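One-letter residues, chain by chain:
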Amino acid sequence: MASIEASLSEICSFNYAWECPLCFCSYSKRLELIVKQLQKSQIDPIPSFQNALKGISEDLSKACKSFAAYRGKGKIYVLVNCLDLCLALQERCRSIGAWLTLIEASCGSGTDLKKKTHDLSEEMQQAQFKVTDNEERVYYILQKEAQGRQTTKAVQSAILMDLARALGTGPENHHELAEHIQIFKTDLGDSMTGNERRILVSLERMFGNWSIEPKTVSESLELEFEEEGHIPPFKNFLCPLTKEVMKDPVVLESSQTYERSAIRYWFDLCVEDGRDPTCPVTGKVLKSLDQKPNIGLAGAIEEWVNRNVEIQIQSATENLSEESTVECIERTLNNIYRTSEEHPLSRYRLRKGGIIHLIIALLKSASKNIGSHLRIKALMTMHSLSKEDECKKIMLQEGMARLAIRSLTGNLEKEKEYALKLLSEFSCDEDYRRKIASEKGALVLLTTMAGNLEHPALANLAEMTLQNLEKVEENVPQLAAAGRFQPLLVRLCEGTEDVKIAMASVVGTMTLANNGKEHVARQGSKVLIRMLSSKPDARISSLQALYNLSGLDDNATILVDAGVLPPLIDILFKEHKAVNSTFTDVQDLASATLAHVVMKAGHWELASVDRDRHSMQSEFIIHGLLRLISDVSPNCQLNLLQILYGIASSPQAAESAATSIKSGNGISIITPFLEHQEIEHRISAFRLISILSRRLGQALSDELRGTNKLALLKNTLVDSNNTTEESSEAAYILSNLTISDDEVKTVLGTSLIRWIISRLKDQKRSASGRGSRPSSNMAEGLMGLLLHFTKSTDPSILDAIQENRLMGVLLGYVSVSPNPRVKKRATIGLMHLSQSLRARGMAKDSEPQPPSGLCSSLMFICGKPPLVAPPCLVHYASCEEDSQFCLLKANAIKPLVEILGDEDTSVQIAAVEALSTLLSNQDTLKGAVDVLDKYGVLEAVIDLFVEVRPGELQEKVVWMVDKIIRVDHYAQSYSVDQRLVKALVEALKYGNATTKRLAQEVLTNLKQLSGVGGRNSNQSQGRRDYR
């Protein structure tokens, strides 16, 4: 009973401003009287009575918690939670009413206490607690705000008006409203929920906008305008919701005037929230939603606007000049922009007042003197004015489009944004789209910005502008030139036949970057190829386009997959009764395109080019191309030579192409072009014969020898009037031909050695052209030419070799040349010179009993040395210190050892062969092996043999291993080398026939084969040396 009294005292001791706590408080006061009577009466405390008192005590305690919110929290907090608080009090009230039923049963019948308890019990159990309509409306609005609903300024104003009424204050009382919001923030503290936080943020944002009062006047219009050139509006000119000057004022049945669009939006929001539309200012529910124009107010506003426009024009005339301060110009532009945006009809008067001319003059000046900030203001103002057609027309006539394009290169994103908005506005009119596209750099800048995803807002504006521009057919080529190909491709793929022809012509004539060529080829090549079977105009346009696209190597695969080869071959091979200029053009373009395609090897080789499934490298096609050469135009002849070169240079097609060219009498057809009057034809012929010389060296030699063209090649090589490419290809061809010793001496001549050495030195000194095809072919060809001399047995040539110190020249390329083919040929040259000591009898005896074999003929080279001179450690004969035929004296062994580890296998093979020349003589074998061991050759050879795979290199290396093991000392030393033994066993298993035989002999000498031991017999030693 004491707890009940305390709770009732707490509840009834406070004056409440809210309906729900007042209602509960009235019940509590009546309950308090009943409790006092119960204390005086002598009621038997039966269990039901005790339970009832306990239940009432608990319910009152819970009710006190709800009352604490009404007493201790601010009004906004109560509004946000009003329905929950109301429901909580209603539940406690009905629960207490139910407990009172038990109290009533314990009271004596007919007593006044029983009647009072009965009446209060029934009333409390039937109690309906409700919040006021305004409180309920504010509650639901605030809950909507908690959901993050986006609302206009007008709706926010109406919400704050309702909130102010619910708080018992006026909407114009900003200070009191701000205090309520601050109290709400304090009430929430740090423990606010996400829902409450969003309500608070929304209220703060709405109040921030609402509390900004526009400047107004209350005097008549007969006054001087202020310094900033603007007459403030009267207060009744402003919409209560938007707080902006009304453009279309309407009156409601509540006699309140609003902006039509603002009040309509408010009505729509009320209907959406499921409540009756109200007048925001009065809060009254409206019976009618009629909106009647306030004609008198609209006229007054129009007069105010006109006065302000006149002021703006006068102010702009005075302030928009270079002499004015930046602040003054900025203020003027702001006023013009505000007037244009708020009162669109005023744009006519601003245009007539010459504002557009003044701003354009300012922009032309600002581009040099004033800066980006002012240009932004000017562009923003011009964008607003451009929404009137006549303003837009004047802007374009005065060069505004060019100024906007110039601003696209500015540093500030805002400047670019308004420049794009202005251009987008211009591009909405068809007549102005050509004008924008014709401005220099416009399309390139717009295309670049449209693809810049780092600035999506700018990209979207640029994209909108481009979409408008591409609607004009004449702009399509310019857009494609700027990198925007989709308009062109859409017309090419989906347009009429005439449109397709026009678009193909554009592709054929325009200069395209590589990525542009690839993009167009991927999307348009199939259409272009289908056009090849159409009428002549379509065929010419399509061929021009395909030729342009085929200039990119990577497009070869795309075009081949699209099926370009069959129609091109068909055009080339098609027979015509009369050759006319149109057919010649078609044939030239088809052959030129085909030449581009086959220059990129790796894909076309697998494609069929006709119904019989012939490939480009087939005998049928190559013979057909060869037959055509004599019957086509000079341009087509050049293209055919390039086609044949492309086929012959493909790794997959080279072998069959060379065979087909030979069988088709192609050599005799091609060689006359070496003397063609046009340089491009000569170069193409030289390149083709150069690539063929790798496989058809003998056939080419016979043809050139039979037509006396060997001298032509030599003259082309040494004539300084010829191009570098002709000279390099001539050198390469000559290096691959089979030339006799007599021809080396008579056609090439020994003087050519000195010329070649001089040219090689020039190439080393020259950095330009390094790595290019002519430079690479020249070095390889010159080195190959030297091989003709190193193989010769003519004494005069051998003297020339010695005189020009040729071995030293070759060593220079063995050590440093980055070209593996040049390095290989230089190494082969060393092998040839080393062989000369044995093969040509060029060594003399240096001992009373000279060694037989390789060194027996050293005297021819070295001459008769003094008796005191030590013999060559390899040849056991005296070799001159500057001998060009002794690898040891020329210090060539170490460089050869170094290239044993070269990445190119052919270089490794050449190095092994060169070193093997030192082991060819059985009589000097021991001394040669000792010298090679001293220079680390043995270790390098063994390491190479252990690592090498089955093949030619393995065969060459195992031959050297066999020679090394023939020396007893080394046989014993290497017999315990398990790496070598294992490698020999692998060679015996997987090598070729020669390798297996040599591996078996080495294992026998190492005593590693079961049942076989000891050295080889004399018969074995006398076996012919492997070379």
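Residues numbered from 1 in each chain as written. Predicted model: local features only at pLDDT ≥ 70, side-chain atom pairs only at ≥ 80, totals over all residues. Heavy atoms only, no water.

Asker: What am I meant to see in helix α10 (residues 194-210) here?
Answerer: Counting along an α-helix, one turn takes 3.6 residues, and residues three or four places apart therefore face a common direction. Spanning 17 residues, α10 covers 24 Å between terminal C-alpha atoms, matching the ideal 24 Å at 1.5 Å per step. Among all positions of α10, only E196, I199, L200, S202, L203, M206, F207 and W210 are buried. The buried side chains of α10 occupy one side of the element, clustering within an arc of 165° when seen end-on. Looking at the buried side of α10, the elements it contacts are α4 (75-80), α7 (133-146), α8 (153-167) and α9 (174-188). (Helix = DSSP H or I, 4+ residues; strand = E, 2+ residues; numbered from the N terminus. Expected span 1.5 Å × (residues − 1). Buried < 20%, exposed > 50% of the residue type's maximum accessible area, 1.4 Å probe, protein only. Arc of directions from axis to C-beta. Contact = heavy atoms within 4.5 Å.)

Asker: Any chance you could explain the nonpolar core here in plain terms?
Answerer: Among soluble globular proteins, nonpolar side chains are generally buried collectively. Residues L565, M616, I643, L692, I893 and F945 are the most contacted members of the largest nonpolar core, which totals 181 residues. Two domains each donate at least three residues to this core, and these are domain 2 (739-764 + 775-838 + 872-921) and domain 3 (936-1006). Membership of the second largest hydrophobic core comes to 146 residues, among which are L142, M382, F426 and I436. (Core = buried A, V, L, I, M, F, W, Y, C linked by side-chain atoms within 4.5 Å. Domains from an automatic or database assignment.)

Asker: Could you clarify how one ought to interpret helix α13 (residues 326-342) in this entry?
Answerer: When the terminal C-alpha atoms of α13 are compared, their 24 Å separation across 17 residues agrees well with the 24 Å that a helix rising 1.5 Å per residue should span. Taken residue by residue, α13 has C328, I329, T332, L333, N335, I336, T339 and S340 as its buried positions. Down the axis of α13, the buried set is contained in an arc of 160°. They therefore lie on one face.

Asker: Would you mind showing me how to read the packing of aromatic side chains here?
Answerer: Two measures describe an aromatic ring pair: the distance that separates the ring centres and the angle between the ring planes. Scanning the entire structure with this criterion turns up six aromatic pairs. Summarising the aromatic geometry, the rings of F234 and F237 are spaced 5.2 Å apart at their centres and angled 90° between planes, so their arrangement reads as edge-to-face. There is no split in this pair, since F234 and F237 are both buried. (Phe/Tyr/Trp six-rings, centres within 6.5 Å; stacked < 30°, edge-to-face > 60°.)

Asker: Would you explain the side chain of T278 in this entry?
Answerer: Secondary-structure assignment places T278 in the loop between α11 (260-272) and β3 (292-293). Contact partners of T278, with chain neighbours within four places excluded, come to R137, W266, F267, C270, G283, K284, V285 and L286.

Asker: Sorry if this is basic, but what is going on with unusual backbone geometry here?
Answerer: Peptide bonds are mostly trans, and most non-glycine residues show a negative phi. Phi at K243 is positive, roughly 55°, even though this residue is not glycine. Mapping K243 onto the fold places it in the loop between α10 and β1 (249-251). In this model, N708 sits at a positive phi of 55°, which is unusual for a non-glycine residue. Examined against the element boundaries, N708 turns out to sit in the loop between α36 (697-706) and α37 (710-718).

Asker: Explain the packing of α37 against helix α38 (residues 724-736) here, please?
Answerer: How two helices sit against one another is set out by the angle between their axes and by the gap between those axes. Two numbers describe how α37 lies on α38: the axes approach to 8 Å, and their chain directions differ by 135°. Classified by the angle between their axes, α37 and α38 sit oblique to one another. The two elements α37 and α38 meet at a crossing, and its hand is left-handed. Facing L710, L713, K714, T716 and L717 of α37, the residues of α38 in contact are E726, S727, A730, A731, I733 and L734. Along the lines of polarity and charge, the residues of the contact of α37 with α38 split into seven nonpolar, two polar and two charged. (Axes fitted to C-alpha atoms, helices over the stretch in contact; angles between N-to-C directions. Parallel < 35°, antiparallel > 145°, perpendicular 65-115°, else oblique. Left-handed = near helix turned anticlockwise from the far one by under 90°. Nonpolar A, V, L, I, M, F, W, Y, C, P; charged D, E, K, R; others polar.)

Asker: Would you mind going over the sheet that holds β1 with me for this structure?
Answerer: In any sheet, the strands associate via hydrogen bonds between backbone groups, in a parallel or an antiparallel arrangement. With antiparallel pairing, the three strands of this open sheet are ordered in space as β2-β1-β3. Unpaired on one side and paired on the other, β2 (257-259) and β3 mark the two borders of the sheet. Inspection of the sheet shows β1 paired to β3 by two bridges, in the antiparallel sense. Paired with V251 across the two strands is K292, which belongs to β3. Sheet contacts for α11: β1, β2 and β3; angle to β2, the most-contacted strand, approximately 90°. (Pairing = 2+ DSSP bridges.)

Asker: Just checking my understanding: could you explain the environment of R695 for this structure?
Answerer: Looking at the secondary structure, you find R695 in the loop between α35 (679-692) and α36. Sequence separation of R695 and A654 is 41 residues, and the distance between their C-alpha atoms is 8.8 Å. Ignoring any residue separated from it by four or fewer positions in sequence, one finds R695 in contact with A654, E655 and A658.

Asker: When you look at the pattern of salt bridges in this model, what are you seeing that I'm missing?
Answerer: Pairs can form between side chains of opposite charge once their charged atoms are near each other. Scanning the model with the defined rule gives 44 salt bridges in all. We note a salt bridge from E123 to R30, for which the minimum N-O separation is 2.6 Å. A residue pair is termed long-range when its members are at least 10 positions apart, and E123 in helix α6 (residues 112-125) and R30 in helix α2 (residues 19-40) qualify at 93 residues. Taking the relative accessible area as the measure of exposure, E123 reaches 34% and is therefore partly exposed. (Salt bridge = Lys/Arg side-chain N within 4 Å of Asp/Glu carboxyl O.)

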